[in-house]
Amino acid sequence: SIMPGNTVKDQLRYAIAEAGRMTAVHETEYLHTGWRQIDGKWVYLHGNGGAVGVEKVRSSLPKSLARYGLDKREKWDKVSGFMVGLQMTEVIKKHIAIPLLSMAYLAPLCELLRKKQCAPKFALFLYGVTGTRKSTATALCMSHFGAFAGDSPPATFRDTGNSAREKAFTLKDSILWVDDYHPTESQQERRRMDAMAQDLARAFGDHAERGRLNADRTLQEARPPRSLCIITGEDLPAIGASGLARFFIVDVHHDDVPIGPEL
């Protein structure tokens, strides 16, 4: 029962607000992966709700990036895990396995390299006809960062360029895998994929971001790519020599990635 009068209402409003302020739980949730300084300590955020190096840190990624996330087991033999990763070179041909492993171990160093003004400026492009299992090989590399399979790329050439760029910004110090550049009889679809390939080449090759304005004509905050990028495709995009020069292109042939118990 509230007594009549503006003064009583103001006092009640103030009492409710103060009670809420003193009892409400304040939590910080991080919306990206990679290195972040929290309470003076550097930790590595990953996608399934935590961070390496500190407890009780919340992180969250969009559903399209839900596969990113490191193992939460308390006891994990890091040396054994590292050796398992290196076994890729004993199964997959080295000219494919070594670039993939290099990307996996380079990605967590991106924060340090950016601070030293020598961030990687390229994207890895695995090129091979259908059936060469290039997506399977890429998924093994991506398994360093989460639960991936050959049919679960976090981005494809069916996405928009803006969507891929936003994922490249969110996946800080990780890897964005863009799959399925393929030949098509549709000239419109081919031009769209080429435009996206050109956009990715410039974004990761130059670390440049398009300038944009808010609705009130103020400048938007720049969101350049903070991840590395692996692209898989059945053809090379028609983006000119300058665009292709920003890709490290690896040819994948039928016998390079085995099928069956070996893999």
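Positions within a chain are numbered from 1, following the residues in the order the chain's sequence is written. The predicted nature of this model means local features are confined to residues of pLDDT at least 70 and side-chain atom pairs, given and counted, to a pLDDT of 80 or more, with totals for whole chains, interfaces and linings taken over all residues. Each side-chain value is worked out from all heavy atoms of the structure, with water and hydrogens disregarded.

*Asks:* Which residues make up the overall build of the protein chain, and what values go with them?
*Replies:* Strands are runs of DSSP state E lasting at least two residues, helices are runs of H or I lasting at least four, and both sets are numbered from the N terminus onward. For the protein chain, the count of helices and strands is 9 helices and 10 strands. A simple rule labels every residue: compare its accessible area, found with a 1.4 Å probe on the protein chains alone, to the largest value its type can have, and call it buried under 20%, exposed over 50%, or partly exposed in between. The buried share of the protein chain, reckoned over its 263 residues, is 39%. Throughout, a residue-residue contact means that at least one pair of heavy atoms, one from each residue, lies within 4.5 Å. A fraction of 70% describes how many contacts in the protein chain between residues 6 or more apart in sequence connect residues 24 or more apart.

*Asks:* With reference to specific residues and values, describe empty space enclosed by the protein.
*Replies:* Every definition here rests on a 1 Å grid over the protein atoms only: cavities are sets of points where a 1.4 Å probe fits but cannot get out, pockets are open sets enclosed by protein on both sides within 12 Å along at least five of seven lines, and lining residues have some atom within 4 Å of a point. Grid points are joined across faces, edges and corners, and a volume is the space filled by probe spheres set on the points. Scanning the entire structure with this criterion turns up 2 cavities of 30 Å³ or more. Volume-wise, the largest cavity comes out at about 60 Å³. Around the largest cavity sit Thr33, Tyr44, Leu45, His46, Gly47, Tyr68, Gly69, Leu70, Phe145 and Ser174, which together line it. Considered class by class, the residues forming the lining of the largest cavity number 5 nonpolar, 5 polar and no charged. Empty space within the second largest cavity amounts to approximately 30 Å³. In the scheme used here, Gly and all other residues not listed as nonpolar or charged are polar, with Ala, Val, Leu, Ile, Met, Phe, Trp, Tyr, Cys and Pro taken as nonpolar and Asp, Glu, Lys and Arg as charged.

*Asks:* Quick one: what's the story with the packing of helix H4 (residues 94-106) against helix H6 (residues 134-142), residue by residue and with numbers?
*Replies:* Following both chains from N to C, one finds H4 and H6 inclined at 30°, their axes separated by 9 Å at the closest point. The handedness of the crossing between H4 and H6 is right-handed. Contacts between H4 and H6 pair Ile96, Leu100 and Ala104 from the former with Ala137, Thr138 and Cys141 from the latter. Here the residues of the contact of H4 with H6 sort into 5 nonpolar, 1 polar and no charged. Fitted lines through C-alpha atoms serve as axes, helices being fitted only where they are in contact, and the angles separating the N-to-C directions of these axes extend from 0 to 180 degrees. The crossing is said to be left-handed when, going from far helix to near helix, the turn is anticlockwise and less than a right angle, and right-handed when the turn is clockwise.

*Asks:* Tell me about the pattern of salt bridges, and please be specific about residues and values.
*Replies:* The working definition used for a salt bridge is a side-chain nitrogen of Lys or Arg within 4 Å of a carboxyl oxygen of Asp or Glu. A full pass over the atoms with the stated rule returns 17 salt bridges. With its nearest N and O atoms 3.4 Å apart, the salt bridge here joins Lys115 to Glu111. Taken together, the residues span about one helical turn, with Lys115 and Glu111 both in helix H5 (residues 110-115) at a distance of 4 residues. Where Lys167 meets Asp159, a salt bridge forms, and the shortest distance between an N and an O atom there is 3.4 Å. In this pair, the class of Lys167 matches that of Asp159, namely buried. Among the ionic contacts, a cluster of salt bridges with common partners joins Glu111, Arg114, Lys115, Lys172 and Asp173.

*Asks:* Give a description of the packing of helix H7 (residues 161-170) against helix H8 (residues 187-206) that names residues and reports values.
*Replies:* As a packed pair, H7 and H8 sit with axes 10 Å apart at the nearest point and diverge in direction by 30°. Taken together, the axis directions place H7 and H8 in an arrangement best described as roughly parallel. As for the relative orientation of H7 and H8, their crossing is right-handed in sense. Residues Gly161, Ala164, Arg165 and Ala168 of H7 lie in contact with H8, whose contacting residues are Met196, Asp199, Leu200, Ala203 and Phe204. Among the residues forming the contact of H7 with H8, the class breakdown is 6 nonpolar, 1 polar and 2 charged. Orientation categories follow fixed angle ranges, with anything under 35 degrees roughly parallel, anything over 145 roughly antiparallel, 65 to 115 roughly perpendicular, and all other angles oblique.

*Asks:* Lay out the environment of Thr136 with the relevant residues and their values.
*Replies:* Relative to the assigned elements, Thr136 resides in helix H6. Relative accessible area serves as the criterion here: at 31%, Thr136 is assigned to the partly exposed category. Placed 121 residues apart in sequence, Thr136 and Val257 show a C-alpha to C-alpha distance of 8.1 Å.

*Asks:* Which residues make up the nonpolar core, and what values do they have?
*Replies:* Formed by 50 residues in total, the largest nonpolar core has its most connected members in Ile96, Leu100, Phe157, Ile175, Val178 and Ile231. If you list the elements that add at least two residues to this core, you get H4, strand S6 (123-127), H6, H7, strand S8 (175-181), H8, strand S9 (228-233) and strand S10 (247-251). Residue contributions to this core peak at 7 residues, all from H8. Excluding anything up to four places from it in sequence, Val178 contacts Ala155, Thr156, Phe157, Met196, Leu200, Cys229, Ile230, Ile231 and Thr232. Tyr30, Leu45, Ala51 and Val57 belong to the second-largest nonpolar core, a separate cluster that totals 6 residues. As used in this record, nonpolar core signifies buried Ala, Val, Leu, Ile, Met, Phe, Trp, Tyr and Cys residues forming a set joined through side-chain atoms within 4.5 Å.

*Asks:* Give me the sheet that holds S9: which residues, what numbers.
*Replies:* What the 5 strands build is an open sheet, ordered S7-S8-S9-S6-S10; its pairing is parallel. Across the chains shown, the open sheet's two edge strands, defined by having one partner strand only, are strand S7 (155-156) and S10. In this scheme, strands are said to pair when DSSP sees at least two bridges between them. Taken together, the 5 bridges between S6 and S10 define a ladder with parallel strand orientation. Considered in S10, the bridge of Leu124 is made with Phe248. In this fold H4 packs onto S6, S8, S9 and S10, with an angle of close to 145° to the strand it touches most, S10. Each of S6, S7, S8, S9 and S10 is contacted by H8, which is oriented at about 155° to S8, the strand it contacts most.

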